[in-house]
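Structural features, examined
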Amino acid sequence: MPFSALYKRRRTMKDISFRDDIMPLGDGLFRMAIRLQLPRQEAEDVVQETMLRLWQRRQQWADMDNIEAFAMTICRNLCLDVLRRSARRTDNAEAAIYAMPDTAHSASPERQAESHDRIAQVRRLIAQLPEKQRTCMTLRDLEGKPYRDIAQIMQISEEQVKVNIFRARQTVKRLFSAIEAQ
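Just so we're clear, the structure is a prediction, and the values are computed from it rather than from any experiment. (Residues numbered from 1 in each chain as written. Predicted model: local features only at pLDDT ≥ 70, side-chain atom pairs only at ≥ 80, totals over all residues. Heavy atoms only, no water.)

**Details of the overall build of the chain**
Along its length, the chain carries 10 helices and zero strands. N-terminal to C-terminal, the α/β element order of the chain is α-α-α-α-α-α-α-α-α-α. Each of the 182 residues in the chain was classed as buried or not, and the buried ones make up 40%. Sequence-distant contacts, at least 24 apart, represent 67% of the contacts inside the chain between residues at least 6 apart. (Helix = DSSP H or I, 4+ residues; strand = E, 2+ residues; numbered from the N terminus. Buried < 20%, exposed > 50% of the residue type's maximum accessible area, 1.4 Å probe, protein only. Contact = heavy atoms within 4.5 Å.)

**Describing the packing of aromatic side chains**
Each aromatic ring pair is specified by the distance between its two centres and by the angle formed by the two planes. Taken as a whole and assessed by the stated rule, the structure comprises three aromatic pairs. Consider the rings of Phe 18 and Trp 55, whose centres lie 5.3 Å apart with planes at 80 degrees: the pair is edge-to-face. A residue pair is termed long-range when its members are at least 10 positions apart, and Phe 18 in helix α2 (residues 18–22) and Trp 55 in helix α4 (residues 40–56) qualify at 37 residues. Three or more aromatic residues joined by ring pairs make a cluster, and in this case those are Phe 18, Trp 55 and Trp 61. Stacked on the ring of Tyr 147, the Lys or Arg Arg 140 has its end atom at 4.1 Å from the ring centre. Positioned over the ring face of Tyr 147 is Lys 162, at 5.3 Å from the centre of the ring. (Phe/Tyr/Trp six-rings, centres within 6.5 Å; stacked < 30°, edge-to-face > 60°. Lys NZ or Arg CZ within 6 Å of the ring centre and 35° of its normal.)

**Re the pattern of salt bridges**
One pass over the full model with this rule turns up 11 salt bridges. Across the pair Arg 53 and Glu 49 runs a salt bridge whose closest N-O atoms are separated by 2.9 Å. Linking Arg 53 with Glu 49, this pair stays in helix α4, spanning four residues, or about one helical turn. Overall, the relative accessible area of 35% leaves Arg 53 in the partly exposed class. Note on Glu 49: relative accessible area 29%, which makes it partly exposed. A salt bridge links Glu 131 to Arg 76; its shortest N-O distance comes to 3.3 Å. (Salt bridge = Lys/Arg side-chain N within 4 Å of Asp/Glu carboxyl O.)

**Looking at the state of the cysteines**
Structurally, a disulfide amounts to a covalent bond that connects the sulfur atoms of two cysteines. Across all of its chains, the model carries zero disulfides by this definition. With no disulfide of its own, Cys 75 lies 4.2 Å from the sulfur of Cys 79, the closest cysteine sulfur. For Cys 75, a relative accessible area of 0% gives the class buried. (Disulfide = S-S within 2.5 Å.)

**Regarding the nonpolar core**
Core analysis: the largest hydrophobic core is formed by 37 residues, its most contacted members being Leu 29, Leu 38, Val 46, Cys 79, Cys 136, Ile 150 and Val 161. Elements represented by at least two residues in this core include exactly α3 (26–35), α4, α5 (67–85), α8 (131–142), α9 (147–154) and α10 (158–181). Take this core: its biggest share by element is 11 residues, from α5. In this structure Cys 79 touches Ala 33, Leu 36, Leu 38 and Val 46, once residues within four positions along its chain are discounted. One finds Leu 129, Met 137, Val 172 and Phe 176 within the second-largest nonpolar core, a separate group that totals seven residues. (Core = buried A, V, L, I, M, F, W, Y, C linked by side-chain atoms within 4.5 Å.)

Rendered as structure tokens:
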């Protein structure tokens with residue numbers, strides 16, 4: 001390797017700080033783990049394991065295009081491993097559904113209660129989606145990730161991400177409309 005390339009690589013690695021660049025990713029990783037139906041303690045363990053794996057690969061940071069997407073991929077895969085080992089996904093659905101704050105601001109208590117019930121129902125419907133659709137929808141609509149990053153995290157194409165999000169939204173819309181019609 002030429003000296004200039006070696007210098008550039010070392011300099012880039014120095015520019016990436018575990019404390020300043022990697023540690024702040026922890027909150028997003030935790031939210032993703034919770035939304036993938038992990039109980040709080042297991043989600044914390046997955047985030048800690050993700051951070052450990054990132055630290056162990058610190059020599060590769062300079063070669064990575066998007067460390068955040070790489071971290072999310074590791075976290076997602078660890079979450080799926082935990083879910084496969086423990087067949088208790090449905091036991092933790094309520095915890096994940098109520099993990100996000102309710103932002104309903106209505107004038108009357110009746111409207112607030114109706115809004116809260118609707119939001120809870122949508123969250124339950126999202127929790128019932130297939131894993132790929134749920135993850136894509138969560139990363140896009142709740143985390144605000146761009147399609148490119150979701151594709152990297154999920155290890156699928158951007159078109160597949162868009163299809164999964166479209167199908168997830170259509171399913172939630174259809175099921176919610178059916179519930180509201182009752």
